[in-house]
Amino acid sequence: MVEGYEAGGGEHGGRYEELAADFKKLMEKLKVDEDGRITMDGARYVFLPQDLLVNRIFVSFLRVIGPTLNTIVWPMIGFAGYVVARQLMSEGAPPEKIIEAYAKFNNPRGWGLTEAVSFDMDKPEAIVRMRNSMFARGVRESVENVKESYPFYTCPWGHVFQGAIRAALEESGRQPPPLTYTETKCEALGDDCCEWHIKRKEEE
């Protein structure tokens, strides 16, 4: 059962204390078998530092694939958001609170402090904010001028949360419309946080 998926109030509002408690619960789920495999809930886990995963591997990847990052790679990541959302709802998270539940799931895993600013299933429309994003900070630390070097750059989480919203709409018996998002702020580009506005795609 997913409990306490409310985002918390205010700039601090106990969220950092909640994060520490959630991380402790997460660590208690980790198991190590006699062959040295680390698992949690039956799935195998590995730990990679930001410097390796983002600053080196992903930034090198970014140089090679260029703008196809947004047209091919990030849309595929939306499926991960869909799968995680289905898992959270199977554990008790209500569809109308899926972004809050996703934030609570995400935060102790180190991707960044995620906050569901708003979510309206009827529109559908959501605003999601992340501070200290591992992706955005890693790119910013590795590239001198991200906007100049990679003007097409956006973080992956807009697609992830689109996937989560599609799963929530399906769970509530609705047909998900085409969705789009705008990353209105990005830490990689110098903002104090990353923020995504997700909404129904307008007909052309």
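Notes on the structure in this doc start here. (Residues numbered from 1 in each chain as written. Predicted model: local features only at pLDDT ≥ 70, side-chain atom pairs only at ≥ 80, totals over all residues. Heavy atoms only, no water.)

Describing the overall build of the protein chain
And step 1. When its secondary structure is counted, the protein chain shows seven helices and seven strands.
And step 2. Secondary structure elements in the protein chain, listed N-terminal to C-terminal, are α-β-β-β-α-α-α-β-β-α-α-α-β-β.
And step 3. In terms of overall size, the protein chain behaves like a compact globule, its C-alpha atoms giving a radius of gyration of 17 Å where 204 residues would be expected to give roughly 17 Å.
And step 4. Expressed as lengths along the three principal axes of its C-alpha atoms, the size of the protein chain is roughly 50 × 45 × 35 Å.
And step 5. Burial statistics for the protein chain: of 204 residues in total, 44% are counted as buried.
And step 6. Entry remark: accessible area of the protein chain is about 11400 Å², with carbon and sulfur atoms responsible for 52%.
And step 7. Taking the average place of the 25 positive charges on the side chains of the protein chain and the average place of its 32 negative ones, the gap between the two points comes to 1 Å. (Helix = DSSP H or I, 4+ residues; strand = E, 2+ residues; numbered from the N terminus. Rg over C-alpha atoms; globule rule 2.2 N^0.38 Å. Buried < 20%, exposed > 50% of the residue type's maximum accessible area, 1.4 Å probe, protein only. Areas by Shrake-Rupley, 256 points an atom, 1.4 Å probe, with all protein chains shown as cover. Lys, Arg positive; Asp, Glu negative; His and termini not counted. Charge placed at Lys NZ, Arg CZ, Asp CG, Glu CD.)

Side note on the nonpolar core
And step 1. One finds Val139, Tyr153 and Trp196 to be the most contacted residues of the largest nonpolar core, which totals 49 residues.
And step 2. Those residues within four positions of Trp196 in sequence are excluded, and the remaining contacts are Ala126, Ile127, Val128, Arg129, Met130, Cys155, Trp157, Gly158, Phe161, Tyr181, Thr182 and Glu183. (Core = buried A, V, L, I, M, F, W, Y, C linked by side-chain atoms within 4.5 Å. Contact = heavy atoms within 4.5 Å.)

A closer look at the layout of surface pockets
And step 1. Estimates place the volume of the largest pocket at around 1400 Å³.
And step 2. Lining the largest pocket are 39 residues, and of these Met40, Tyr45, Phe105, Arg109 and Trp111 sit closest to its centre.
And step 3. Among the secondary structure elements, those contributing two or more residues to the lining of the largest pocket are helix 1 (15-29), helix 3 (68-90), helix 4 (98-106), helix 5 (134-142) and helix 7 (157-171).
And step 4. For the lining of the largest pocket, the element with the most residues is helix 3, which contributes seven residues.
And step 5. Tallied by class, residues from the lining of the largest pocket come to 27 nonpolar, four polar and eight charged. (1 Å grid on protein atoms, 1.4 Å probe; cavity = no way out; pocket = protein on both sides within 12 Å on 5 of 7 lines; lining within 4 Å. Points joined across faces, edges and corners; volume = space filled by probe spheres on them. Nonpolar A, V, L, I, M, F, W, Y, C, P; charged D, E, K, R; others polar.)

Digging into the pattern of salt bridges
And step 1. Summed over all chains, the structure comprises twelve salt bridges.
And step 2. In this structure, Asp22 engages Lys104 in a salt bridge whose closest nitrogen and oxygen atoms are separated by 2.8 Å. Remark: Lys104 occurs in helix 4 and Asp22 occurs in helix 1; sequence separation between them is 82 residues.
And step 3. Judged by its relative accessible area of 11%, Asp22 is buried.
And step 4. The closest approach of N and O atoms between Arg129 and Glu115, which form a salt bridge, is 3.7 Å. Taken as a pair, Arg129 in strand 5 (residues 125-131) and Glu115 in strand 4 (residues 113-120) lie far apart in primary sequence, 14 residues in all.
And step 5. Within this structure, Glu18, Asp22 and Lys104 form a network of salt bridges that share partners. (Salt bridge = Lys/Arg side-chain N within 4 Å of Asp/Glu carboxyl O.)

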